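Descriptive structure summary
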Amino acid sequence: MSRLHASGRHRSPRVVVVGNGMAGSRLVEEIRARDPRRALPITVFGAEVHAAYNRVLLSEVLAGRHTVDEIRLAGPAWAADLDVDLRLGSRVVQVDRQRRQVRADDGTAIAYDRLVLATGSRVVVPDLTGLRRADGSLLPGAFLFRTVDDCREIVAAASAARRAVVLGGGLLGLEAARGLAGRGVDTVLVHRSGHLMERQLDAPAGRMLAATLARLGVQVRLDARAVGVAADGDGSAGALLLDDGTRVPADLLVIATGVRPDVGLARSAGLRVDAGVVVDDTLRSVTDPRVFAVGECASHDGRVYGLVAPAWEQAAVVAAHVTGADPAARYRGSRQVTRLKAADIRVAAMGETRGDDDDPATEVLQFSDRSRGTYKKLVLRDDRLVGAILVGDLSTVGTVTQLFERGAGVPADRVPLLFPPRRGRDGEPASAGPTDATVCRCNGVSKGRIQDCVLRGARTVDAVARATRATTGCGGCRELVGGIVEALAPDPVPPAGPVCTADPVCTADPVCTADPVCTADPVPTRSASS
């Protein structure tokens, strides 16, 4: 991997990462975990002025359950600790593949030997009459919901708003609507399809979700096609206009109509692009082996993954190749499990969710209880779980997810897949599944590793998170981790010594006596068995 200078000295190849989001920042950490001597020069460009943060948890900030500081992925010393040339507020506008150089909007140019595109996605803004002003900016009172700054602006506007409209009934729209309603704002969710989350849920599940939202103060309007925005006398948003002539009053409008991969830079550089940057199993561009892509902008085997777990799995593979640590590393695709994160709303969906009861090879198990807001559907084929929907009651989500991801055979007795015999905290099983069962999918953390962490002194979910990274991705496993902690350590007392963050099998006694300044690598490499 090293190149020879004219002086005869070898130098390490420079890695340039375009994007400082969840995929880009994790990639840097994965590289440094395999490059402890900091031999590889790394430059990272971040279009936002903010350090890396957990974009998945922005809905938690909007709802007031987290602050911006609490969802940060990188502290003030992150770049210095990892010896990274971090350029925040600097957008790359050109990739010159012949010169192997990137150019930013401030005119600076940086040469690369290996380039990684982690540009993520951009918001899809619908073509609504009156949404934009003459200069192209959004009408006052209308907001996108994608960045920290977007979130802060919405929170500020919500403090004075009486009526809010959220356009879009996907994951982000649902989370935004619930967050605004939780702040006491009269909220209407407008969705053009016949049921919510139509990409992940079937119609009965979508109806159950709409009923749950209604009980929580969110009015849902389905089969509603927005065509324009009407302004108030002061020039700000006053109503969303529908194609049937209906006016939906709004002094706060949130656009959450989806995202698509941000591939403009890749396309202008002449890289092959379909939905995303087309990559092979090493995550290299099929056009240029010096260029990699990870996260929402990458298209692998015809699929673009919009969840954090696949992005972090991809980051580990790219790091293995960039550093030369494991040239045999390959990405084989991911099984996606979607979790909705909103107060008092529980939804998980995976795989094939529209099983055909008339197909003799398919077995569909369903349960519905409208009074409790519960809907469950499991789709089986050849005695294996190929899809599932769980709404309201997620007590079996751990077991169901494991069966789905592993492709393992389901038990002859199907009832425990719908109704577990034992329940832990908040209705989730505290100890379901074997010790090698994956609890935190985003970070690949097993139940056994969490148990070991608790037995070594961690007494809270946050302590487990610091030691293992569990719960720091989408946050969907936090309750399950809490159940495991509660089962093993019912008294939340502080540990006798510092909770070691070294991964994962420590030779120290369960109560660590090491000096607080530990020599363990600050970004531990996850074990293959985790």
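Before reading further, recall that the structure is shown in the block above.
Before going into details, it helps to say that this report is about the structure given with it. (Residues numbered from 1 in each chain as written. Predicted model: local features only at pLDDT ≥ 70, side-chain atom pairs only at ≥ 80, totals over all residues. Heavy atoms only, no water.)

1. Comments concerning the pattern of salt bridges
The full count for this structure, using the stated rule, is 21 salt bridges. Close ionic contact of Glu30 with Arg34 constitutes a salt bridge, the shortest N to O distance being 2.7 Å. Of this pair, Glu30 and Arg34 both sit in helix H1 (residues 22–34), four residues apart, which is roughly one turn of that helix. On the basis of relative accessibility, which here comes to 5%, the residue Glu30 falls in the buried class. Two residues, Asp96 and Arg99, come together in a salt bridge whose shortest N-O distance is 3.7 Å. Because the salt bridges share partners, they merge into one network encompassing Arg26, Glu29, Glu30, Arg34 and Arg469. (Salt bridge = Lys/Arg side-chain N within 4 Å of Asp/Glu carboxyl O. Helix = DSSP H or I, 4+ residues; strand = E, 2+ residues; numbered from the N terminus. Buried < 20%, exposed > 50% of the residue type's maximum accessible area, 1.4 Å probe, protein only.)

2. Topic: helix H11 (residues 447–455)
For H11, the set of buried residues is Lys447, Arg449, Ile450, Gln451, Cys453 and Val454. Considering only its buried residues, H11 is in contact with strand E28 (438–440), strand E29 (445–446), helix H12 (461–468) and helix H13 (478–488). One or two positions beyond H11, positive phi appears at Gly457, with a value near 135 degrees. (Contact = heavy atoms within 4.5 Å.)

3. Quick notes on the side chain of Gln314
Assignment of secondary structure puts Gln314 in helix H8 (residues 308–323). Excluding residues that lie within four positions of it along the chain, Gln314 makes contacts with Leu283, Val294, Gly295, Ala298, Tyr305 and Tyr331.

4. Notes on the sheet that holds strand E5 (residues 85–88)
Sheet architecture is open: five strands sit in the order E5-E4-E3-E9-E21, paired in parallel fashion. The outermost strands of the open sheet, each flanked by one partner alone, are E5 and strand E21 (291–293). When the angles between neighbouring strand axes are averaged without regard to direction, this sheet yields 15 degrees. Pairing of strand E3 (residues 15–18) with strand E4 (residues 42–46) involves four bridges; the strand directions are parallel. In the sheet register, Val15 faces E4, and the bridge partner there is Ile42. (Pairing = 2+ DSSP bridges. Axes fitted to C-alpha atoms, helices over the stretch in contact; angles between N-to-C directions.)

5. Considerations on the sheet that holds strand E25 (residues 362–369)
Across the sheet, five strands lie side by side as E23-E24-E27-E26-E25; this open sheet has antiparallel pairing. Of all strands in the sheet, those with a lone pairing partner are strand E23 (337–342) and E25, marking the two edges. Ignoring which end each strand starts from, the neighbouring axes of this sheet average 10 degrees apart. Relative to strand E26 (residues 374–381), E25 runs antiparallel, the two being bridged by eight bridges.

6. Description of the packing of H12 against H13
Where H12 contacts H13, the two axes come as close as 9 Å, and the packing angle between them is 105 degrees. One element, H12, and the other, H13, form an angle in the roughly perpendicular class. Note on element contacts: H13 touches H12 through Arg478, Val481, Gly482 and Val485, opposite Val461, Asp462 and Val464. (Parallel < 35°, antiparallel > 145°, perpendicular 65-115°, else oblique.)

7. Comments concerning the packing of H1 against H8
Look at H1 against H8: their axes get within 8 Å of each other, and the N-to-C directions meet at 40 degrees. Judged by the angle between their axes, H1 and H8 are oblique. Between H1 and H8 lies a crossing of right-handed hand. Contacts between H1 and H8 pair Met22, Ala23, Arg26, Leu27, Glu30, Ile31 and Arg34 from the former with Val308, Ala311, Trp312, Ala315, Ala316, Val318, Ala319, Ala320, Val322 and Thr323 from the latter. Residues that form the contact of H1 with H8 fall into these classes: 13 nonpolar, one polar and three charged. (Left-handed = near helix turned anticlockwise from the far one by under 90°. Nonpolar A, V, L, I, M, F, W, Y, C, P; charged D, E, K, R; others polar.)

8. Description of the packing of aromatic side chains
Considering all chains together, one arrives at two aromatic pairs under this definition. Relative to Phe419, the ring of Phe367 lies with its centre 5.0 Å away and its plane at 90 degrees, an arrangement referred to as edge-to-face. Residue Phe367 is found in strand E25, and its partner Phe419 is found in the loop between helix H10 (415–418) and E28; the two are separated by 52 residues along the sequence. Look at Phe419 and you get partly exposed, because its relative accessible area is 32%. Positioned above the aromatic ring of Phe404 is the side chain of Arg335, whose terminal nitrogen or guanidinium carbon lies 5.0 Å from the ring centre. (Phe/Tyr/Trp six-rings, centres within 6.5 Å; stacked < 30°, edge-to-face > 60°. Lys NZ or Arg CZ within 6 Å of the ring centre and 35° of its normal.)

9. Remarks on the nonpolar core
Val102, Leu115 and Leu117 are the most contacted members of the largest nonpolar core, which totals 52 residues. A total of seven residues in this core trace back to one element, the largest contributor, which is H8. Once residues lying within four places of it in the same chain are set aside, the contact partners of Val102 are Val16, Phe45, Val92, Gln94, Val95, Thr108, Ala109, Ile110, Tyr112 and Leu115. Grouped together as the second largest cluster of nonpolar side chains are 43 residues, Leu62, Val68, Cys151 and Ile389 included. (Core = buried A, V, L, I, M, F, W, Y, C linked by side-chain atoms within 4.5 Å.)

10. Observations concerning the environment of Val304
Mapped onto the secondary structure, Val304 falls in the loop between strand E22 (298–300) and H8. Note: C-alpha distance between Val304 and Gly333 (29 residues apart in sequence) is 9.8 Å. If near-sequence neighbours (up to four positions away) are discounted, Val304 is found in contact with Pro261, Ala275, Gly276, Glu296, Ala298, Ser299 and Gln336.

11. Some points on the environment of Asn20
With respect to the helices and strands, the residue Asn20 is situated in the loop between E3 and H1. On the basis of relative accessibility, which here comes to 10%, the residue Asn20 falls in the buried class. Between the C-alpha atoms of Asn20 and Ala47, which are 27 residues apart in sequence, the distance is 7.6 Å. Leave out the neighbours within four places in its chain, and Asn20 touches Ser25, Val44, Phe45, Gly46, His50, Ala51, Ala52, Trp78, Leu86 and Leu88.

In short, the description is geometric, and any link to function would need to be established separately.
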